[in-house]
Amino acid sequence: MNGIALLPLLPILITSATIVVAMLAVAFRRHHWWNATVVAIGLNLALLASAWLLLPEFLVRFLPQFAGAAGAPVIPRAETPLLVVDAYSAFYMSLVLATALATATLSYAYMEGHKGNREEVYLLLALSALGGLVMACSRHFASFFVGLELLSLPLYGMIGYLVKERRSLEAAMKYLVLSAAASAFILFGMALVYAQTGSLLFTEIGERAGGFAGPDHSMLLVGGALILVGIAFKLSLAPFHLWTPDVYEGAPAPVVAYLSTASKTAVFAVLLRYFVEAKAYRYGGLLDVMTVLAVLSIVLGNVLALMQDNIKRLLGYSSIAHFGYILAAFIAAGPLAVEAVGVYLLTYVVTNLAAFGVVTLMSSPYGEHDADALWDYRGLFWRRPNLSAILTVALLSLAGIPMTAGFIGKFYVFAAGVDKRLWVLMGAVAFGSAIGLFYYLRAMAQLYLRAPWVRKYSAPLDWAQGAGGVMLLALMILMLVLGVFPSPFIAIVQASGLAGQ
Amino acid sequence: MDLVFWIPALVAIVATLLAVTNYNPVHGLLYLIVSLLAVALIFFRLGAPFAGILEVIVYAGAIVVLFVFVVMMLNLGDAVVEQEKRWLKPRVWAGPAVLCGVLIVELWRVVWPAGATHPLSDAVIDAPHVGVALFGPYLLAVELASMMLLAALVAAFHLGRHD
Amino acid sequence: MYDLLFLVFALPLAGFLILAFGRGRLGENGAAAVGVGSVGGAALVTAGLVAQFLGHPPDGGAYTQVLWDWMKVGGFTPHFALRLDGLSLTMLGVITGVGFMIHLFASWYMRGDDGYSRFFSYMNLFVASMVFLVLGDNLLFLYFGWEGVGLCSFLLIGFWYKDAANGSAARKAFIVTRVGDTFMAIGLFWLFRSLGTLDIQQVLQLAPQAFDSESGRQAVRGIALLLLGGAVGKSAQLPLQTWLPDAMAGPTPVSALIHAATMVTAGVYLIARTHVLFELAPDVQHLVGVVGAVTLLLAGFTALVQTDIKRVLAYSTMSQIGYMFLALGAGAWSAAIFHLMTHAFFKALLFLSAGAVILACHHEQDIRKMGGLRKTLPLAFWCFVVGGGALAAVPYITAGFYSKDEILWQAYAGGHMDLFLAGLFGALLTSIYTTRLILVVFFGEEKTHAHAGHGVSYWLPLAVLLVLSTFVGGLIHPPLEGVLPAAPGEGGGAAQLGIEALSGSVAIGGILVTALVYFTRPRALLALAQAPAAQAVRRFWFSAFGFDWLYDRLLVRPFFWLVRVCSGDLFDQAIGTIPELLRHANVLSTRTQTGRMRWYAASFAAGAVLIVAAVMFRG
Amino acid sequence: MIVPFEQVLFVSGVLFVLGLMGILIRRNILFVLMSIEVMMNSAALAFVAAGNRWGQPDGQIMFILILTLAASEASVGLALVLQIFRRFKTLDTDAASEMKG
């Protein structure tokens with residue numbers, strides 16, 4: 001490999017270097033600000049690198065007059081059989097890195113009050129982000145699997161980070177055991193697919209699978225089904241969703257922000273690539289199963305959230321439903337589906353980060369628990385108008401109200417579904433959106449009630465000066481911009497289409 | 001009937017069943033070691049000596065020993081055995097056993113379709129072969145696996161801390 | 001210069017955002033600077049646009065600025081675009097020019113009010129919405145602006161929300177206009193179904209062919225009727241006029257801007273904008289004229305006997321908009337817009353000076369408690385004289401004469417004798433109630449001690465509007481050629497001079513008769529006024545022909561009764577079962593969240609078993 | 001004559017299901033972790049067998065990666081076990097079920 005060949009790998013290389021430097025920095029001197037800054041700088045550089053990879057493709061689509069300025073594109077390029085860096089992976093890498101950065105910012109605000117070691121969380125975060133990057137680029141079972149585990153392993157540590165808290169440990173235990181079981185399912189599924197086709201490369205699997213017929217390809221199919229089971233767990237699709245609310249409730253708030261966005265985004269990215277490159281779309285059985293999963297997720301997620309009084313659990317249930325929506329777009333297949341999934345994930349990530357960001361800034365590990373009861377948010381508007389505004393916009397966006405990011409995403413889901421005449425799925429999406437409105441507004445109404453009693457939780461007074469507050473405000477603006485002027489973002493997503501489509 | 005395969009296979013299955021159903025953690029771990037050694041034998045039979053040796057060294061030799069350490073640290077005694085006896089009632093295991101039975105039947109139907117048999121070869125894929133592939137096309141996987149170990153190190157260090 | 005068009009919309013919006021998020025932290029001067037400055041900036045840009053437009057008109061007489069495509073999904077590409085032509089330019093001039101003067105005046109008028117910056121944030125939002133209304137190239141965006149101004153009107157009528165009466169006035173305005181809006185929304189849906197587009201230019205082009213059949217004529221009649229419903233609600237014409245007098249509960253600058261100069265004329269704008277549809281349905285167009293004529297007479301009679309200074313002006317606004325509708329009905333499109341413009345000048349002037357009078361008299365609005373104010377408030381007096389003159393259309397020296405005369409002449413020339421006579425009689429009524437108002441307020445004995453205002457933000461707006469209300473305003477001719485069709489009687493010559501003489505003498509005659517009656521007080525007339533029959537008529541007129549009473553008995557009370565009957569009945573329970581079912585589903589599904597890991601793993605395994613089975617059997 | 005490939009795969013399938021059963025029936029978290037190791041091991045066996053069928057080293061490489069994962073998973077899991085025993089004074093997974101609903 002020469003230097004040019006390494007350029008596409010820059011985001012991964014920079015992140016790895018960041019991990020090493022961060023570890024040395026922690027070893028050298030434990031200092032919260034300094035260690036956090038090292039990681040933040042590294043992630044920023046990696047984000048820049050991946051955005052730079054995506055830039056030429058984006059310019060061609062959106063500002064053709066500047067297309068020459070970005071120089072010759074270095075992607076797409078395959079790096080060993082394991083990884084391929086194309087516009088698609090550059091987009092998802094950027095998404096994962098941006099999420100990791102946001103999480104780092106939130107963690108800084110959250111960990112300030114923590115008594116124990118605060119520095120490892122950044123190390124774990126960067127490691128997990130590295131896993132996400134690998135998944136976004138992976139086109140081979142080995143890198144898929146290593147990336148997935150690199151993503152999940154640090155999460156065990158992050159979920160159980162508050163070792164003195166029983167709920168945090170309980171959440172870590174549940175996630176570890178179930179996630180490891182899911183990994184075993186994925187592994188066994190991969191083994192079956194490999195046993196049938198003799199290849200671990202997505203594209204080769206697709207080619208060779210074409211030669212089988214009848215019961216001959218049942219191993220391939222069941223292998224795919226087992227992989228789907230594991231993936232469905234990671235995406236918390238019903239009926240593999242039961243862990244979600246418990247883990248969301250127990251884990252520290254910034255970790256949940258990461259868990260619900262970056263980790264799921266990366267998993268979805270690899271699932272989509274697998275389905276396209278290995279041509280798994282041609283198996284009606286798998287698509288039928290996914291339809292059932294999507295409908296179940298939408299219905300169960302929304303119904304479970306209906307009377308929930310814990311905002312972290314509520315957002316957990318809502319994320320179950322949201323991944324049902326995304327799966328609905330995914331099933332539609334075709335180029336519009338890739339675009340719809342990309343746009344939806346983008347809007348979902350921005351919105352969910354904002355929502356959990358507010359929860360993070362409201363909580364602090366000083367106390368016993370995070371501020372997660374809806375009760376804690378009652379009358380928040382009268383104490384923290386800015387935080388309430390952010391949460392309000394986030395909830396509206398989750399509900400898919402027009403002029404917010406969520407609406408654009410949901411619109412795409414409908415466009416993709418109606419395009420392919422998936423009426424059952426669209427019915428479920430419409431039903432879910434309707435009852436979703438109820439509990440989002442129910443949560444929102446709490447913010448504006450007058451609270452006569454003394455507040456129990458409060459954000460630090462200077463929160464707006466803190467990086468976390470600024471980041472949340474930026475997210476709120478982004479949510480509104482996405483709703484009102486989404487075309488540049490849509491252009492980015494369109495630029496990052498998959499070659500196989 | 002290939003006895004060199006089937007004897008270790010049966011040993012592995014029985015030992016695994018005993019390992020997951022035993023009341024005593026230490027006994028369970030010993031059965032697990034037996035099962036892993038049997039699987040290592042299968043690996044040798046399948047022409048993968050390198051994998052077989054790693055199975056013995058890492059799985060049986062390192063991972064299970066880690067379990068043993070923890071059991072010793074926690075000082076689990078007869079009380080635990082009594083407790084396990086109370087927990088492992090038929091009422092508890094009957095449902096899951098049926099579920100698992102169904103799954104076994106399904107897998108059997110899938111992986112062992114009537115008439116389709118692909119004989120395995122006697123060719124040995126030994127350490128040099130694996131090494132060349134590992135540090136050739138799979139180089140990045142090795143690097144990433146090291147990161148995975150680092151992640152485990154940091155997570156275990158943080159979670160296991162005494163304070 | 002045209003590139004800056006978006007600023008006309010963006011500046012007031014930015015002002016609104018700054019004021020809304022500043023939440024009173026800016027102080028009075030800061031809020032005034034932002035609130036007035038943003039509209040002033042918009043007015044400056046408009047002035048530049050006017051200069052450019054008159055000097056170098058854009059190709060085809062219209063300029064379109066595409067702001068952005070909202071999104072591209074499949075073949076669906078909604079875009080935001082602003083369209084500037086002669087009509088919208090005229091409206092822009094009125095909105096930003098008069099709007100700026102009123103904002104400036106309000107910065108003086110509202111001093112010391114608790115909600116100073118809240119007031120300006122609403123006002124800026126109103127200007128932004130109104131600009132959006134007239135610039136939108138699409139009826140959908142026009143509708144957004146339409147609802148936006150409705151919202152601002154609601155907020156500003158109820159601005160002093162601590163008084164319950166103001167709140168109920170705001171609600172009344174909102175609900176009554178909503179009735180019209182609903183008609184309009186249905187009309188828009190129908191239009192979209194018929195033509196497949198709401199883009200105004202496309203609508204105007206497609207309509208003649210699309211509706212060229214018997215069923216098409218029926219359809220366009222229905223659509224025009226529904227749009228008229230919307231216009232009637234917004235412009236306070238019969239039968240949805242009852243909200244406007246109550247809307248005077250808001251601060252006086254609000255009455256000047258929203259309920260006289262701009263928003264209430266949006267109905268006129270809508271009909272002028274979609275004139276092709278009305279031309280395709282001549283009977284509906286004539287109905288527009290009839291509605292205007294009846295409203296102008298009704299409001300004229302009512303204004304004769306009102307005692308509240310702002311209500312007099314409110315009824316007069318109603319009747320002047322009646323003139324505009326009359327003009328639309330007579331096909332005198334340009335004359336309607338011309339009158340809209342001059343009316344904005346002199347009615348804003350009248351309202352602002354009324355505000356000055358009210359403030360000078362310590363928030364007294366009853367004209368019977370005023371009198372002899374011409375010495376203490378000379379500026380307000382002269383404003384009333386000029387503005388009232390324009391309202392009564394005193395010949396040649398006032399702006400109102402030129403536009404009103406144009407309307408009467410066109411009605412006559414177009415052969416609409418009914419409309420012409422109604423307009424002529426309305427002119428007489430107008431001159432009588434205007435003269436009465438001025439005489440009662442400014443002559444006679446002094447009943448309260450008034451103190452005049454001062455400061456540039458007090459007299460400058462009044463002075464500017466005063467100049468515009470004289471013949472100067474009548475010289476401004478909106479560049480409407482090519483946008484609106486020509487009227488029947490262009491360049492009338494001798495016949496037009498005759499009409500001018502007739503209407504001019506009617507106005508002068510009304511003024512003279514009223515003045516004579518007021519100063520000489522003939523005994524016979526006073527006795528006649530005391531007669532029971534006359535009192536009854538007076539009461540009837542005072543209550544504006546009893547529409548409020550009628551609506552209360554006919555609509556409001558039956559509705560409340562229906563609500564009482566319906567609450568808790570079968571329908572309600574039927575609808576209530578859905579949430580009930582969902583709640584049960586929620587309780588049931590929540591039971592699956594046991595918190596036990598083994599149970600979670602079991603559901604996991606069961607799901608896997610089912611999926612594998614499904615895949616195996618489905619293939 | 002060596003065994004047919006399908007039989008090896010079936011044996012690994014049986015081991016996989018036994019591991020899954022361990023997760024489903026055990027309350028003691030130590031046994032649960034052991035069961036997970038069994039599941040991983042069975043997948044590794046399937047990979048090695050498949051590698052033999054196709055005469056490729058890739059199966060064994062996947063085995064090595066799985067081995068790495070198993071070791072990592074076990075170390076993190078056992079660290080968690082220590083901490084849980086410290087906080088809950090038991091290894092009962094049902095005891096740690098404070099969060100529900």
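Scroll up a little and you will see the structure.
All of the points below concern the structure found in this document. Within any chain, residue numbers begin from 1 and follow the written order of that chain's sequence. For naming, the first written chain is A and the first written ligand is 1, with later ones following in the order written. In keeping with the predicted nature of the model, local features appear solely for residues at pLDDT of at least 70, side-chain atom pairs appear and are counted solely at 80 or more, and the whole-chain, interface and lining totals rest on all residues. Only hydrogens and water are set aside; all other atoms, that is, all heavy atoms of the structure, feed into the side-chain values.

A run of DSSP states H or I qualifies as a helix once it reaches four residues; a run of E qualifies as a strand once it reaches two. Both are numbered from the N-terminal end. With respect to the helices, strands and loops of the structure, D:Ser12 is situated in helix α1 (residues 5–25). The exposure class assigned to D:Ser12 is buried, which follows from its relative accessible area of 0%. Residues in contact with D:Ser12, not counting those within four places in the same chain, are A:Phe188, D:Ser42, D:Leu45 and D:Ala46. Any residue under 20% of the maximum accessible area for its type is buried, any over 50% is exposed, and the rest in between are partly exposed; the area is computed with a 1.4 Å probe on protein chains only. Contacts are residue-level and defined by heavy atoms, with any inter-residue pair within 4.5 Å sufficient.

It is worth spelling out the interface of chain B and chain D at this point. With 83 residues of chain B in contact, the opposing surface of chain D contributes 69 residues. Summed over both partners, the accessible area (1.4 Å probe) lost when two parts come together is defined as the buried area. Across the interface of chain B and chain D, roughly 7000 Å² is buried in total on both sides, 78% from carbon and sulfur atoms. When the buried area of chain B at its contact with chain D is split by residue, B:Phe67, B:Trp87 and B:Leu120 rank highest and sum to 10% of it. Salt bridges are defined as contacts in which a side-chain nitrogen from Lys or Arg sits within 4 Å of a carboxyl oxygen from Asp or Glu. For the pair chain B and chain D, the number of links is one salt bridge. A salt bridge links B:Glu84 to D:Arg26; the nearest nitrogen and oxygen atoms lie 2.6 Å apart. Polar contact criterion, stated in full: a pair of N or O atoms within 3.5 Å, where within protein one must be able to donate a hydrogen and the other to accept it, and residues adjacent in sequence count only if both atoms are side-chain atoms. Where chain B touches chain D, the interface holds 14 residue pairs in polar contact (both at pLDDT 80 or more).

The next subject is helix α5 (residues 90–111) of chain B. To estimate the expected span of a helix, subtract one from its residue number and multiply by 1.5 Å. With 22 residues, α5(B) ought to run about 32 Å at 1.5 Å a step, and its terminal C-alpha atoms sit 30 Å apart, in line with that. Buried residues of α5(B): B:Val92, B:Pro96, B:Cys100, B:Leu103, B:Glu106, B:Leu107, B:Val110 and B:Val111, and no others. Projected onto a plane normal to the axis of α5(B), the buried residues spread over an arc of 120° and lie on a single side. α5(B) presents B:Arg91, B:Val98 and B:Arg109 as exposed residues on the side facing more than 90 degrees away from its buried surface. Among the structural elements, α7 (166–197) and α9 (218–234) of chain A, α4 (78–87) of chain B, α26 (597–618) of chain C together with α1 of chain D are those in contact with the buried residues of α5(B). Directions from the helix axis toward the C-beta atoms define the arc.

Stacked, tilted and edge-to-face are the three classes applied to pairs of Phe, Tyr and Trp rings, where Trp contributes its six-membered ring and a pair requires centres within 6.5 Å; stacked means planes under 30 degrees apart, edge-to-face means over 60, and tilted covers the rest. Scanning all chains against the criterion turns up 58 aromatic pairs over all chains. Each ring, one from B:Phe5 and one from B:Trp6, has its centre 5.1 Å from the other, and the planes form 70°; the classification is edge-to-face. Neither B:Phe5 nor B:Trp6 differs from the other in exposure class; each is buried. The interplanar angle of 85° and the centroid separation of 5.4 Å between the aromatic rings of C:Phe119 and C:Phe120 together place this pair among those described as edge-to-face. Take C:Phe119: its relative accessible area is 0%, and that puts it in the buried class. In this structure an aromatic cluster arises from ring pairing among A:Phe141, A:Phe144, A:Phe202, A:Phe268, A:Tyr274, A:Phe275, A:Tyr281, A:Phe323, A:Phe330 and A:Tyr348. The criterion for a charge sitting over a ring is simple: Lys NZ or Arg CZ within 6 Å of the ring centre, and within 35 degrees of the ring normal. Positioned above the aromatic ring of D:Phe31, the side-chain terminus of D:Arg26 is 3.7 Å from the ring centre.

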